[in-house]
Amino acid sequence: MFNDDTLHLETVKRLPVLERYKHWVLEREKIRLRKEAEEPKPWTSDPILRDYRFCNVRRMDDKVSKWLYDNWYLPFKDHKHILMAVALARFINKPSSLERITPEVFTDRTKINLDNVIRILRKHRDNGNVIFNGAYMVRGNDGIDKIECVTKWYVAPLENVTIDTDNMQASHTSIQASYGMGSFMAGQIVADLRWALSGTWKDKMIWAPMGPGSQRGINRFFGREVKAPMGKPFFDMGIVAARRACSESVELKKISARLEAHDYQNTFCEWDKYERALWGEGRPKQKYV
């Protein structure tokens, strides 16, 4: 006998691939709106979206992003230490840790006293608190603990990096040249700088960094083998195709007006997680209670 969950997923499986992508976008956005309206659970009849944790369709609607915007990026917009602040924000990614170092980060001094930042975070850790959000994989190096590694090895060198507030891609390239900055983390930092630094950010609607999850999602979107190799032009084509699909959909037109290229990149990554669960290829790592 099929239960309601099985019947729902069998219905989703019968949808064409484009409709499955649009289903994820629409249903995930409905969950956000129902949750914010304080409607009673469950906020969806889709068992995968109900039982597992997925990022929002729009990146800046996520809980940590909203906290960062309200508490760091808006009140301290264009601060002289904003690049290092954004890097700390995304490496740590945990408001309860970040709020303790706010006065040290947004100081009027010429430089951030990183030794004080380390001391505060270690004290918070030694009192039994978790410092880092597990959303991103961050490791220490050569026996140095994670707090010092992130602060002194990854964040400190950014003091000498120049950001082009007209060009997200150029800023991404500059950040990647700094020690410890891979494409993914540099992309997260640039995506936040777009809200924390005044500028035109002219390519915000067309440029996003490539990531393994988003590449898998784009391959699925075009009916390719999931792990097929991909160049940046094909990746960019996927972003354009997703925007077109959402903007031309009556149901998705409103949400698509709020999305930038990085958001579409994010939808492909999260939808790939959904597709893996749908087809029994794996499960998202975090349950949602």
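Asks: What is the right way to look at the overall build of the protein in this model?
Replies: Scanning the protein for helices and strands turns up 14 helices and zero strands. Starting at the N terminus and ending at the C terminus, the protein contains elements arranged as α-α-α-α-α-α-α-α-α-α-α-α-α-α. In terms of C-alpha radius of gyration, the protein reaches 20 Å, essentially the compact-globule figure of 19 Å for 289 residues. Judged by the C-alpha coordinates and their principal axes, the protein covers about 65 × 40 × 40 Å. Among the 289 residues that make up the protein, the fraction classed as buried is 50%. Partitioning the intrachain contacts of the protein with sequence separation of at least 6 by distance along the chain shows that 67% fall at a separation of at least 24. A total of about 14400 Å² of accessible surface is found on the protein, and carbon and sulfur atoms cover 52% of it. Within the protein, the 38 negative side-chain charges are centred at a point lying 1 Å from the centre of the 48 positive side-chain charges.

Asks: In this structure, what is going on with the nonpolar core? I would like to understand it.
Replies: Considering soluble globular proteins, one finds that nonpolar side chains tend to be buried as a cluster. With 48 residues, the main nonpolar core has W72, I101, I175 and L193 as its most contacted residues. When contributions to this core are tallied by element, the ones reaching two or more residues are α4 (63–73), α5 (82–92), α6 (95–105), α7 (114–126), α8 (146–155), α9 (168–176) and α10 (183–196). The greatest single-element share of this core, amounting to 10 residues, is contributed by α5. When neighbours within four sequence positions are excluded, I101 is seen to be in contact with W72, L88, I92, V117, I120 and L121. Within the second largest apolar cluster, 32 residues are counted, among which are L9, F235, A242 and L252.

Asks: How do you make sense of the environment of T110 when you look at a structure like this?
Replies: Counting through the fold element by element, T110 comes out in the loop between α6 and α7. The sequence separation of T110 and K80 amounts to 30 residues, and the corresponding C-alpha distance is 8.5 Å. With residues near it in sequence (within four places) discarded, T110 still touches K80 and H81.

Asks: Mind showing me how you'd approach the pattern of salt bridges here?
Replies: Where charged atoms from two side chains of opposite charge approach closely, those side chains can pair. Under the defined criterion, the tally for this structure stands at 30 salt bridges. Among the salt bridges present, the one from D51 reaches R50, with a minimum N-O distance of 2.8 Å. Owing to a relative accessible area of 27%, R50 belongs among the partly exposed residues under this scheme. With its nearest N and O atoms 2.8 Å apart, the salt bridge here joins R194 to E260. Of this pair, R194 sits in helix α10 while E260 sits in the loop between α13 (253–256) and α14 (261–278), and the two are 66 residues apart along the sequence. One continuous salt-bridge network, built from bridges that share partners, spans E29, R32, E36, R58, D61, K66 and R258.

Asks: Sorry, what's going on with α8 here?
Replies: For the α-helix, the turn length of 3.6 residues means that residues three or four positions removed from each other point alike. The complete set of buried residues in α8 reads I147, C149, V150, T151, Y154 and V155. Its buried side turned inward, α8 meets α5 and α7.

Asks: Sorry, what's going on with the side chain of H172 here?
Replies: Residue position: H172 is located in helix α9. Beyond its immediate chain neighbours, meaning those up to four positions away, H172 contacts S183, A186, G187, V190, W207 and P209.

Asks: How should I be thinking about α9 in this particular structure?
Replies: Buried within α9 we find M168, S171, H172 and I175. Axial view of α9: buried residues confined to an arc of 105°, hence all on one face. Contact partners of the buried residues in α9: α5 and α10. Two to three positions downstream of the cap, the backbone nitrogen of Q169 sits 3.0 Å from a side-chain oxygen, assigning the N-cap of α9 to N167.

Asks: Help me out: how do you make sense of the environment of N129 in this one?
Replies: Checked against the element boundaries, N129 lands in the loop between α7 and α8. By relative accessible area, N129 is classed as partly exposed at 33%. Remark: the alpha-carbon pair of N129 and S96, spanning 33 residues in sequence, is separated by 9.0 Å. Of note is the side chain of N129, whose polar atom sits 2.9 Å from the backbone oxygen of H124.

Scoring rules and cut-offs
- Residues numbered from 1 in each chain as written.
- Predicted model: local features only at pLDDT ≥ 70, side-chain atom pairs only at ≥ 80, totals over all residues.
- Heavy atoms only, no water.
- Helix = DSSP H or I, 4+ residues; strand = E, 2+ residues; numbered from the N terminus.
- Rg over C-alpha atoms; globule rule 2.2 N^0.38 Å.
- Buried < 20%, exposed > 50% of the residue type's maximum accessible area, 1.4 Å probe, protein only.
- Contact = heavy atoms within 4.5 Å.
- Areas by Shrake-Rupley, 256 points an atom, 1.4 Å probe, with all protein chains shown as cover.
- Lys, Arg positive; Asp, Glu negative; His and termini not counted.
- Charge placed at Lys NZ, Arg CZ, Asp CG, Glu CD.
- Core = buried A, V, L, I, M, F, W, Y, C linked by side-chain atoms within 4.5 Å.
- Salt bridge = Lys/Arg side-chain N within 4 Å of Asp/Glu carboxyl O.
- Arc of directions from axis to C-beta.
- Polar contact = N/O pair within 3.5 Å; in protein donor to acceptor, adjacent residues only side chain to side chain.

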